[in-house]
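# Architecture at a glance
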Amino acid sequence: MEEVRVFPLTCTVQNYAWGKVGLKSEVAKLVVGGDPLAVIEENKPYAELWMGAHPKGDAQIKDNRIAQTTLGQWIAHYPACLGSKVKDAFQGQLPFLFKVLSVNTALSIQAHPNKELAASLHAQFPEHYPDNNHKPEMAIALTPFQGLCGFRPVEEILRFLKSVPEFHVLVGDEAAEELRCSVGDDVRTSRALKRCFSRMMSCEKKLFVDELNELVKRITEEGAAGKDTSSSNGDLLLRLHSQYPGDIGCFSIYFLNYVVLEPGQAMFLGANEPHAYLYGDCIECMACSDNTVRAGLTRKYIDVNTLCAMLNYNPAPVSAKIFQCVPEPSDPYVTLYDPPVPDFTVMKIQVPATVKEYTVAPVDSASILLVIEGDATATCPAALSDISMRRGTVLFVSANESVSLHVSSPAGMTLFRACSLL
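Residues numbered from 1 in each chain as written. Predicted model: local features only at pLDDT ≥ 70, side-chain atom pairs only at ≥ 80, totals over all residues. Heavy atoms only, no water.

### So, the overall build of the chain
Formally: The numbering of helices and of strands both runs from the N terminus, where a helix is a DSSP run of H or I of at least 4 residues and a strand a run of E of at least 2. We compute the radius of gyration from the C-alpha atoms alone; for a globule the expected value is 2.2 Å times N to the 0.38, where N is the number of residues. Residue burial is assigned from relative accessible area. The probe radius is 1.4 Å, only protein chains are included, and a residue is buried under 20% of its type maximum, exposed over 50%, and partly exposed in between. Only heavy atoms enter the contact rule, under which two residues are in contact if any of them lie within 4.5 Å. Charged residues are defined here as Lys and Arg on the positive side and Asp and Glu on the negative side; His and the ends of the chain fall outside this count. Where a charge sits is defined by one atom per residue type, namely NZ (Lys), CZ (Arg), CG (Asp) or CD (Glu).
For the chain, the helix and strand inventory stands at 11 helices and 22 strands. Relative to a compact globule of 422 residues, whose C-alpha radius of gyration would be 22 Å, the chain shows 23 Å and is just as compact. C-alpha atoms of the chain, sized along the principal axes, occupy 75 × 45 × 40 Å. Looking at the chain as a whole, 57% of its 422 residues qualify as buried. Partitioning the intrachain contacts of the chain with sequence separation of at least 6 by distance along the chain shows that 77% fall at a separation of at least 24. Taken together, the 37 basic and 48 acidic charged side chains of the chain have centroids lying 3 Å from each other.

Spelled out as structure tokens, the structure:
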């Protein structure tokens, strides 16, 4: 019988503690949309939806004509579905993992290694670094999305060193002075910034807990007295401290940019870029890896030395952290989020209310399609039968297959698609 090359998936949900709970979570809403019989528990966190073939969350195939039960097994049987370039470049593996995240409390301050470092960390500490791949990633906001990303411009860090004495204590006079004197010389600045951050990250636990308590007390008192605490980034500090009391990561807000993405805006996190997601819902795509070097706002394994050694210490303003998407020249309804890595590209497909017939164009790569809003009937020869598409439907589309949508929702449709455009 003819082989089915386009089929729906049931995807893995990760119930990490930082996720939004019950139907407050975009992940939970998508799960129920895709499967009305799914049971959502109102007090349980629904943090991540994993759409892909990662061994920790391999998607189930929702088509009983297919012998294989998971996407990973199916790709192993039919590697040609990846497209010949992708198959060769990535050794017969799907090179990306597509996700939806619903963040309620901060994720750890972290960075992901480049390929070289990933290989050596994995060889030395396989229990903490499970594979040898790099993990560049991109987040695209679905709701206003808050995060920390990259080192702030030096002037801002110096301002905090002045106005937040508790922060200054942890960095120390010498390192702070070195940073002040380095302004205008990028190489020196980068070196001084590394020294400041490393000093803070590796100071004695008792010292930073005392200083943090002091800072929290001061900001709380100033706030109660009606004073403006923004020069100490007061609101964010109190929020992170309430989530992770006594955690060194609370001080990282004085080093890292605070970024708020509006829906549709994105940030790309290359290797060695320090970041932490704080709140909101996003689409995320990344190379298929689970390697993370953590430094705070976490109860997990912290590897301060590796982190401080690997980070990219190039200060830049918030505006430089927003990743620019571009219109797809051949399709007015597609926006491309095309990062400087071969592993993945994300497309946002916005079908307007006036358009009732739309074809998802073929690409020379396997792709995963997620419906965020709208309803349609999908037809394509490679599916062998119609597929009903609605909010939360996830579709695997083999390379070089097109999908025709007959849109039935009055307000059009919003979809995201992940693929690898080599």
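### What about the pairing of strand β18 (residues 376–379)?
Cut-off, in case you're wondering: Should DSSP find at least two bridges between two strands, the strands are taken to pair.
Here β18 shows one buried face, formed by A376 and A378, and one open face, formed by T377 and T379. Summarising the sheet, β18 and strand β19 (residues 387–389) pair through 3 bridges and their orientation is antiparallel. Following the sheet pairing, A376 is matched in β19 by M389.

### Topic: the nonpolar core
The following threshold applies: For this analysis, a nonpolar core means a set of buried residues of the types Ala, Val, Leu, Ile, Met, Phe, Trp, Tyr and Cys, connected via side-chain atoms within 4.5 Å.
Membership of the largest hydrophobic core comes to 53 residues, with the highest contact counts inside it found for F167, F197, M200, Y254 and F255. Counting residues per element, this core draws most heavily on helix α8 (residues 186–201), which supplies 6 residues. Contacts of F197, omitting those with residues within four sequence positions, involve F151, F255, L307, C308, L311 and Y313. With 44 residues, the next largest nonpolar core counts M138, I140, I283 and C285 among its residues.

### Details of the side chain of Q243
In this structure, Q243 sits in helix α10 (residues 234–243). The exposure class assigned to Q243 is buried, which follows from its relative accessible area of 16%. Other than its neighbours up to four places away in sequence, Q243 contacts N104, T105, A106 and R299.

### Some details on the UniProt feature "domain: Phosphomannose isomerase type I C-terminal" (unreviewed entry) in the chain
For the record, the criterion: UniProt positions are given in the numbering used here, feature names are shortened, and annotations may be inferred rather than shown by experiment.
Sequence positions flagged by UniProt for "domain: Phosphomannose isomerase type I C-terminal" (unreviewed entry) are, in local numbering, residues 336–377. From the first C-alpha to the last, residues 336–377 spans 24 Å; its make-up is 0% helix and 52% strand.

### Topic: the packing of aromatic side chains
To keep it simple, the criterion reads: Stacked, tilted and edge-to-face pairs are distinguished by plane angle, under 30 degrees for stacked and over 60 for edge-to-face with tilted covering the rest, among Phe, Tyr and Trp rings (Trp via its six-membered ring) whose centres lie within 6.5 Å.
Under the definition given, this model contains 17 aromatic pairs. Centre to centre, the rings of W74 and Y78 are 5.0 Å apart; their planes meet at 45°, and the pair counts as tilted. Judged by its relative accessible area of 2%, W74 falls in the buried class. Taking the centre distance of 5.1 Å and the plane angle of 70° together, the rings of F145 and Y277 count as edge-to-face. Of this pair, F145 sits in strand β8 (residues 145–151) while Y277 sits in strand β11 (residues 275–287), and the two are 132 residues apart along the sequence. The same class applies to F145 and to Y277, which are both buried. An aromatic cluster is present here, built from F151, F160, F167, F197, F251, Y254, F255 and Y313 joined pairwise through their rings.

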